[in-house]
Amino acid sequence: MASSFHVSLELKGQKEVAAGAGGGGGGGGESVVEREPVHYKHDGERFPEGQQNTVKLNVGCTYVFTVHFRPARVLTHWMIRGEKVDFERVNPSKAEEDVSIYEATWSSTGISVTKRAERYPLAMELEVYPGLVMKMVLQTKFYPQTETTHRKWGPEVHSVEYKCQIPEGQMSIDILNEKII
């Protein structure tokens with residue numbers, strides 16, 4: 001019998017701001033790391049990858065990915081764009097039962113700005129104990145590092161929700177449904 005579970009992927013931009021910016025006092029050259037929302041746009045069936053939404057990102061920036069597994073799973077390996085990324089387990093709140101949460105920081109440095117009418121498939125691979133592999137691709141568009149106007153048009157990405165299944169006798173995880181919330 002196949003085993004089902006749910007994966008939720010959150011994505012936030014990360015930027016450093018001067019401590020005390022926004023009227024809080026402080027100063028002294030210190031900085032604070034803030035997380036900011038990422039946005040997406042609905043593209044319909046315009047692109048051959050079959051995904052209807054495009055996540056908007058900037059080149060040369062840092063992003064924080066947070067993945068939730070329900071029921072809890074042990075994440076053993078995480079790759080983005082074919083490169084291993086370091087991650088850490090995050091303690092869930094008391095309200096979240098039978099969930100495991102992991103967080104990784106990733107930089108878009110080295111990615112080129114996406115040309116008009118094109119999209120960049122951001123490949124991600126998660127491996128959970130005992131060697132089960134989940135492969136997913138986010139359809140993205142990368143804007144110049146300082147461009148914020150177009151990147152912020154559209155709804156915020158609160159999470160990308162995946163309904164998953166492990167077919168009996170297989171080591172791959174099938175994605176049955178994907179939805180941006």
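Structure first, text after, so check above.
Cut-off values and rules
Residues numbered from 1 in each chain as written. Predicted model: local features only at pLDDT ≥ 70, side-chain atom pairs only at ≥ 80, totals over all residues. Heavy atoms only, no water. Phe/Tyr/Trp six-rings, centres within 6.5 Å; stacked < 30°, edge-to-face > 60°. Helix = DSSP H or I, 4+ residues; strand = E, 2+ residues; numbered from the N terminus. Buried < 20%, exposed > 50% of the residue type's maximum accessible area, 1.4 Å probe, protein only. Lys NZ or Arg CZ within 6 Å of the ring centre and 35° of its normal. Pairing = 2+ DSSP bridges. Polar contact = N/O pair within 3.5 Å; in protein donor to acceptor, adjacent residues only side chain to side chain. Contact = heavy atoms within 4.5 Å.

### Looking at the packing of aromatic side chains
Applying the stated criterion across every chain, the model contains seven aromatic pairs. With centroids separated by 6.5 Å and ring planes inclined at 35°, the aromatic side chains of Tyr63 and Trp106 adopt a geometry described as tilted. Of the two residues, Tyr63 is situated in strand 5 (residues 62-70) and Trp106 in strand 9 (residues 100-107); the sequence distance between them amounts to 43 residues. Like Tyr63, the residue Trp106 is buried in the burial classification. Look at Phe87 and Tyr102: their rings are 5.8 Å apart centre to centre, the planes differ by 80°, and that puts the pair in the edge-to-face class. Of this pair, Phe87 sits in strand 8 (residues 87-90) while Tyr102 sits in strand 9; the two residues are 15 residues apart in sequence, bridging distant segments of the chain. Put simply, the rings of Phe5, Phe69, Trp78, Phe87 and Tyr102 pair up and form one aromatic cluster. Directly above the ring of Phe5 sits Arg73, whose terminal nitrogen or CZ lies 4.3 Å from the centroid.

### Some points on the sheet that holds strand 11 (residues 132-143)
Strand order in this open sheet of six strands is 3-4-11-10-6-7, and the pairing throughout is mixed. The two strands at the open ends of the sheet, each matched to only one other strand, are strand 3 (39-42) and strand 7 (83-84).

### Points about the side chain of Asp43
Following the sequence through the fold, Asp43 ends up in the loop between strand 3 and strand 4 (53-58). Here Asp43 falls in the buried class, since its relative accessible area comes to 6%. One polar contact links Asp43 to Arg119, side chain to side chain, over a distance of 3.1 Å. Each residue touching Asp43, except ones within four places of it in the same chain, is listed here: Gln52, Asn53, Thr54, Arg119 and Gln139.

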